[in-house]
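Observations on the model geometry
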Amino acid sequence: MKNASLRRLISKRDIRRRVRELAEEITAHYQGRPVVVLGLMNGALFFLVDLLRLLPESVIVECRTVASYAGPSSTGKIHGLDMLHGNFAGKTVLIVDDILDTGLTLSEVRARLLDMGAKRVDVCVLCRKEGTRKVRVRAKWVGFDIKNEFVVGYGLDFDGVYRTRQEIFVLEPSSSTP
Ligand code: XMP
């Protein structure tokens, strides 16, 4: 997107408050039972770290890189599923991802984990887009329900840029660049 501007959607304060609430709910839900927290890189990077700081020390952390986006739209093809191997058999896995959009990534990753023998697979996402699902995926924990707009910041990027911004912005076409 050559001429684009950023419109702030979610403030740093709201992110911090919501992450704290999610961590409390997740902690109360698992009640100290063993959980593998599987972060999907790179988009969930900041969300994962902030959440992990507030979860019990018993959680096991794994990260894998999966990607389906090129620019502002999904390619529909998910790369990195072959990197999902690991010791998930018999485990409860909590996938932590940035955005639930078409649902293709999370449904594929979830199916792979169950194929590998995971006992249970739950999903926690930072943002869930409205009206974009191609497949049904249930996210047990959702940070923010958002409209179908392209968002960046707090780990989310547009072609590698804006990831380090600490708030979440809508990237919208315009004549002036921020
Ligand atoms: P789905 O659910 O379509 O989403 O498989 C896969 C991945 O697409 C990315 N995604 C976005 N990334 N801004 C981003 O920076 C967005 O608005 C956006 N929408 C989808 C994201 O990595 C998600 O995991």
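For the structure itself, look to the data block above.
Let me begin by describing the structure that accompanies this report. This is a predicted model, so every value here is computed, not measured.

**Quick word on the site of the ligand**
In the region of the ligand, 16 residues are neighbours, and Asp-98, Thr-102, Gly-103, Thr-105 and Val-151 sit closest. Within the side chain of Asp-97, one N or O atom sits 3.3 Å away from an oxygen atom of the ligand. Protein chains shield 92% of the accessible area of the ligand, which is 510 Å² for the free molecule. Here the shell around the ligand takes three residues from strand β6 (residues 92-100), the largest share from any one element. Class assignment for the residues of the shell around the ligand results in six nonpolar, four polar and six charged.

**Brief notes about the pattern of salt bridges**
Side-chain pairing between opposite charges can occur once the charged atoms of the two side chains come close. On inspection of all chains with the given rule, the structure shows 12 salt bridges. Between Glu-172 and Arg-7 there is a salt bridge, and its shortest N-O distance comes to 3.2 Å. Of the two residues, Glu-172 is situated in strand β10 (residues 168-173) and Arg-7 in strand β1 (residues 4-10); the sequence distance between them amounts to 165 residues. On the basis of relative accessibility, which here comes to 31%, the residue Arg-7 falls in the partly exposed class. A salt bridge links Glu-21 to Arg-17; the nearest nitrogen and oxygen atoms lie 3.2 Å apart. Of this pair, Glu-21 and Arg-17 are both found in helix α1 (residues 12-30), four residues apart, which corresponds to roughly one turn of the helix. Glu-21 gets classed as partly exposed once you look at its relative accessible area, which sits at 29%. The network of salt bridges with shared partners includes Asp-14, Arg-17, Arg-18 and Glu-21.

**Things to note about the sheet that holds strand β7 (residues 120-129)**
What the five strands build is an open sheet, ordered β3-β2-β6-β7-β8; its pairing is parallel. Strands with a single pairing partner mark the edges of an open sheet, and in this sheet they are β3 (60-65) and β8 (141-146). Within this sheet the neighbouring strands show an average axis-to-axis angle of 20 degrees, counted without direction. Bridge count for strand β2 (residues 36-41) against β3 is six bridges, and the pairing is parallel. From the neighbouring strand, Gly-39 faces β3, where its bridge partner is Cys-63. Against the sheet, α1 makes contact with β6, β7 and β8, and its axis sits at roughly 145 degrees relative to β8, the strand it touches most. Seen against the sheet, helix α2 (residues 45-52) touches β2, β3, β6 and β7 and runs at an angle of roughly 155 degrees to β2.

Parameters at a glance
Residues numbered from 1 in each chain as written. Predicted model: local features only at pLDDT ≥ 70, side-chain atom pairs only at ≥ 80, totals over all residues. Heavy atoms only, no water. Near = heavy atom within 4 Å. Polar contact = N/O pair within 3.5 Å; in protein donor to acceptor, adjacent residues only side chain to side chain. Areas by Shrake-Rupley, 256 points an atom, 1.4 Å probe, with all protein chains shown as cover. Helix = DSSP H or I, 4+ residues; strand = E, 2+ residues; numbered from the N terminus. Nonpolar A, V, L, I, M, F, W, Y, C, P; charged D, E, K, R; others polar. Salt bridge = Lys/Arg side-chain N within 4 Å of Asp/Glu carboxyl O. Buried < 20%, exposed > 50% of the residue type's maximum accessible area, 1.4 Å probe, protein only. Pairing = 2+ DSSP bridges. Axes fitted to C-alpha atoms, helices over the stretch in contact; angles between N-to-C directions. Contact = heavy atoms within 4.5 Å.

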